[in-house]
Amino acid sequence: MFTLKRKTTGEAVFDIVNNLIMLCICFITLYPIWYVLVNAFNDGNDAMMGGIYWWPREFSLENFEAVFQSPGIMLAMGITVAKTVIGVAVHVLFTATVAYALSRRNLIGGKLYILLGTITMFFNGGLIPTFLLNRDLHLLDNFLVYIIPVMFSFFDLIIFMTFFREIPEGLEEAAWIDGANDWSILFRIVLPVSMPVVATIALFHGVYQWNDYFAGIIYINNPDLQPIQTYLFRVVAQSSSNQMMVAVQGSSVTKSVTSQSIKLATMVVTTLPIVFVYPFLQRYFVKGMMIGSIKG
Amino acid sequence: MENKTSGNGSSAMKPLIPELIETGTGRKSPLWKRLLAQRHLQTMALLGVVWMIIFNYIPMYGLIISFKEYNIVKSIAEAPWVGLEHFREFFDDDELANVIRNTLGISLLKLFIGFPLPIVFALFLNEVRSLRFKKSIQTISYLPHFLSWVVLGGILATWLADVGIINNILLALNLIDKPISYLAEPSYFWTIIITSDIWKELGWSAIIYLAAIAGVSPEMYEAATIDGAGRFQKMWYVTLPAIKSTISILFILAVSGVLNSNFDQILVLRNSLNDSASNVIDYYIYYTGIVSSRFSYSTAVNLIKAVIALILLVIANQVSKKINDTSLF
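Residues numbered from 1 in each chain as written. Chains lettered and ligands numbered in written order. Predicted model: local features only at pLDDT ≥ 70, side-chain atom pairs only at ≥ 80, totals over all residues. Heavy atoms only, no water.

Draft legend 1. Main features of the overall build of chain B. The number of helices and strands found in chain B is 17 helices and zero strands. Taking 20 Å as the expected radius of gyration for a compact globule of 329 residues, we find that chain B reaches 27 Å, considerably beyond that expectation. In terms of its C-alpha atoms, chain B occupies a principal-axis envelope of roughly 90 × 75 × 35 Å. Put simply, chain B has 329 residues, and 49% of those count as buried. Nonlocal contacts in chain B, meaning residues at least 24 apart in sequence, comprise 62% of its contacts between residues at least 6 apart. For chain B, the accessible area works out to roughly 16,300 Å², and carbon and sulfur atoms hold 65% of it. Taken as two groups, the 26 positive and 24 negative side-chain charges of chain B have centres that lie 13 Å from each other. (Helix = DSSP H or I, 4+ residues; strand = E, 2+ residues; numbered from the N terminus. Rg over C-alpha atoms; globule rule 2.2 N^0.38 Å. Buried < 20%, exposed > 50% of the residue type's maximum accessible area, 1.4 Å probe, protein only. Contact = heavy atoms within 4.5 Å. Areas by Shrake-Rupley, 256 points an atom, 1.4 Å probe, with all protein chains shown as cover. Lys, Arg positive; Asp, Glu negative; His and termini not counted. Charge placed at Lys NZ, Arg CZ, Asp CG, Glu CD.)

Draft legend 2. Inspection of the overall build of chain A at higher detail. Within chain A, the secondary structure is distributed over 14 helices and zero strands. Ordering the α and β elements of chain A from the N terminus gives α-α-α-α-α-α-α-α-α-α-α-α-α-α. Across the 296 residues that make up chain A, the buried fraction comes to 55%. A total accessible area of about 13,400 Å² is found for chain A, and carbon and sulfur atoms account for 68% of it.

Draft legend 3. Structural context of the packing of aromatic side chains. One pass over the structure, following the stated rule, counts 42 aromatic pairs over all chains. On the numbers, 4.4 Å between centres and 20 degrees between planes, the contact of Tyr278(A) with Phe146(B) is stacked. Within this pair, whereas Tyr278(A) is found in helix α14 (residues 259-295), its partner Phe146(B) is found in the loop between α7 (131-142) and α8 (149-160), the two belonging to separate chains. Looking at Phe146(B), the relative accessible area reads 2%, which means it is buried. With centroids separated by 6.0 Å and ring planes inclined at 55 degrees, the aromatic side chains of Tyr70(B) and Phe295(B) adopt a geometry described as tilted. A residue pair is termed long-range when its members are at least 10 positions apart, and Tyr70(B) in the loop between α3 (39-62) and α4 (85-92) and Phe295(B) in helix α17 (residues 295-324) qualify at 225 residues. In this structure Tyr70(B) comes out as buried when scored by relative accessible area, which is 7%. An aromatic cluster is defined as three or more aromatic residues linked by ring pairs; in this entry it consists of Phe27(A), Tyr31(A), Tyr35(A), Tyr53(A), Trp54(A) and Trp159(B). The ring of Tyr146(A) has Lys83(A) lying over it, and the distance from NZ or CZ to the ring centre is 5.0 Å. (Phe/Tyr/Trp six-rings, centres within 6.5 Å; stacked < 30°, edge-to-face > 60°. Lys NZ or Arg CZ within 6 Å of the ring centre and 35° of its normal.)

Draft legend 4. Inspection of the state of the cysteines at higher detail. Residues and elements named next belong to chain A. The tally for this structure, following the rule as stated, stands at zero disulfides over all chains. Just so you know, Cys26 is unpaired, no disulfide at all, and the nearest cysteine sulfur is the one on Cys24, 9.3 Å from it. On the basis of relative accessible area, Cys26 is assigned to the buried category, the value being 10%. (Disulfide = S-S within 2.5 Å.)

Draft legend 5. Geometry of the packing of helix α9 (residues 182-193) of chain A against helix α10 (residues 195-211) of chain A. Residue and element names in this part refer to chain A. Taken N-terminus to C-terminus, the directions of α9 and α10 make an angle of 80 degrees; their axes are 5 Å apart at the nearest point. Relative to α10, the element α9 is oriented roughly perpendicular. Residues Leu191, Pro192 and Val193 of α9 pack against Met195, Pro196 and Val198 of α10. Residues belonging to the contact of α9 with α10 are distributed by class as follows: six nonpolar, no polar and no charged. (Axes fitted to C-alpha atoms, helices over the stretch in contact; angles between N-to-C directions. Parallel < 35°, antiparallel > 145°, perpendicular 65-115°, else oblique. Nonpolar A, V, L, I, M, F, W, Y, C, P; charged D, E, K, R; others polar.)

Draft legend 6. Quick peek at the interface of chain A and chain B. Of the residues lining the interface, 96 residues belong to chain A; the matching set on chain B comes to 93 residues. Interface area for chain A against chain B, summed over the two sides, is near 8,800 Å², with a carbon-plus-sulfur share of 76%. Per-residue buried area on chain A facing chain B is highest for Phe14(A), Ile108(A) and Phe123(A); these three make up 8% of the total on that side. Notably, a salt bridge pairs Arg231(B) with Glu11(A), separated by 3.6 Å at the nearest N-O pair. Inspection of the region where chain A meets chain B yields 21 residue pairs in polar contact (both at pLDDT 80 or more). Counting residues per element, the side of chain A that touches chain B draws most heavily on helix α1 (residues 9-40) of chain A, which supplies 17 residues. Tallied by class, residues from the side of chain A that touches chain B come to 65 nonpolar, 21 polar and ten charged. (Buried area = accessible area lost by both parts, 1.4 Å probe. Salt bridge = Lys/Arg side-chain N within 4 Å of Asp/Glu carboxyl O. Polar contact = N/O pair within 3.5 Å; in protein donor to acceptor, adjacent residues only side chain to side chain.)

Draft legend 7. The confidence of the model for chain B, seen in detail. Residue and element names in this part refer to chain B. With 92% of its residues at a pLDDT of 70 or more, chain B shows a mean pLDDT of 87. Per-element confidence in chain B is highest for α3, whose mean pLDDT is 96, and lowest for helix α1 (residues 21-25), whose mean pLDDT is 46. For the stretch residues 1-25, pLDDT sits under 50, and the model shows 37 contacts to residues farther than four places along the chain or on other chains. For this predicted complex, the interface confidence comes out at an ipTM of 0.90, alongside a pTM of 0.88. (pLDDT = per-residue confidence, 0-100.)

Printed below as a string of structure tokens:
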């Protein structure tokens, strides 16, 4: 008799090979990051000799001390945190508000609004006209350039709208009887039951805000307003190795760190927060990606 | 305007939602009354419309500077018309051939290598039996997506440095006799771009396929097993057809984006030494526009790119509609 459960030899070989391939992929994914980590936790001068592949040779926290004692790096980190927190809050609330209106099928002019938005997904003015607009709006060297030009996205609106339309109408009708208006329904009923999609959009926009360096390059000249990614870009891409040492001058630990070791430590510090957050939001963004891909 | 709430029974009730008032009488009340009734909703929608007019449509109007000689002292409307001069200048530029070669070269490599790999990864990950192992691999595979290109640029610079791990290994194996400066050599640039792009996005791009695969009913697999299908046959005849429409849609988008380079990535990894292999159209637009302040010229190049992208999107959409009944619009 033929049974479904029994594995044939071929099946068993397939499973073993497949699992090995998957382990290889995990290794290839993690090792480059691990390499940076162990070098960042190693004494800077010692690391210059190379050969640190698996574990720090001379364990040291001085690179991180230097990073946390550098006013320039800390200021840039502060800008990044501020633009991420404020940017996410504004983007989610604003986009969700517009999406709620557009999700209502009886909205007068709804089709026109959706057409207007759809066009923006496939065609835009591009780099220079956008730059000139932001300049005319006095957003150059202005913190708000990180927030206002990206506070709305029609793509994200579609994800919100799709989700809002699945909410049972009974929920809202009960609130209507209590005399609530659209604003209180949105903020007191619709948004609280839409936390999965809020988490998805917040994560997407948060990653964008945290990782973007380009706005800091073209709109910001004032070094006190640049986010950490722009700061790192100027060090990495322009390979001005002295810049990192200048940044930590005056701190007490300059003897054992090098520009390279501080660069690695800064990379670790900028990346860790996001790496700790995303696994907890995983179940939300998978669903968000699905809605986005079907409707987008 | 259709209204779905005026079903049986509800017509006798007083309408609960103000903007549905017109269904209560069976006749439409005047437009201004209906607008007034949904003033809160209209306010919400108009917030978005005003934002889009300012931040999407005004820049679209700004595209007319491609046909003008714009400079900082005059406004866009005051700038004198120059017709197609900027377009002509672009087609006469010696750099044009190089820009097209780099843009298409990198994009087509990404399309033919970077596009299928996540599908293959998703197919094989789906065959992993242990659920916990599968979840762990998935979580790990997303990780690089969350790294910024600046940080990844830093990692690559470390790896590819003269004293970096790649040179150390190749020297130890006697495959090279002196270190190679990979980022300073144009001939390595495309390889670095494609490889790092795959490393960063493989797991993330597979999410959509995995989610689509999760929707396949287990009975399909059981039926295939009874019919004597092996693992590869099940992948080919059950899993792949289930994600075909997802693949089509993503392929349409990938084709229409063939002129888009990943600008964040290019800007981090390019330098003056590898310029002959790294000057793509997006960088050309950035350089002429932002670095050299040739606003009108840069915008003209951008306009050409945008129009071609739109045409590609329509063509890819039509082809997909014909071949497998899936389309974006």
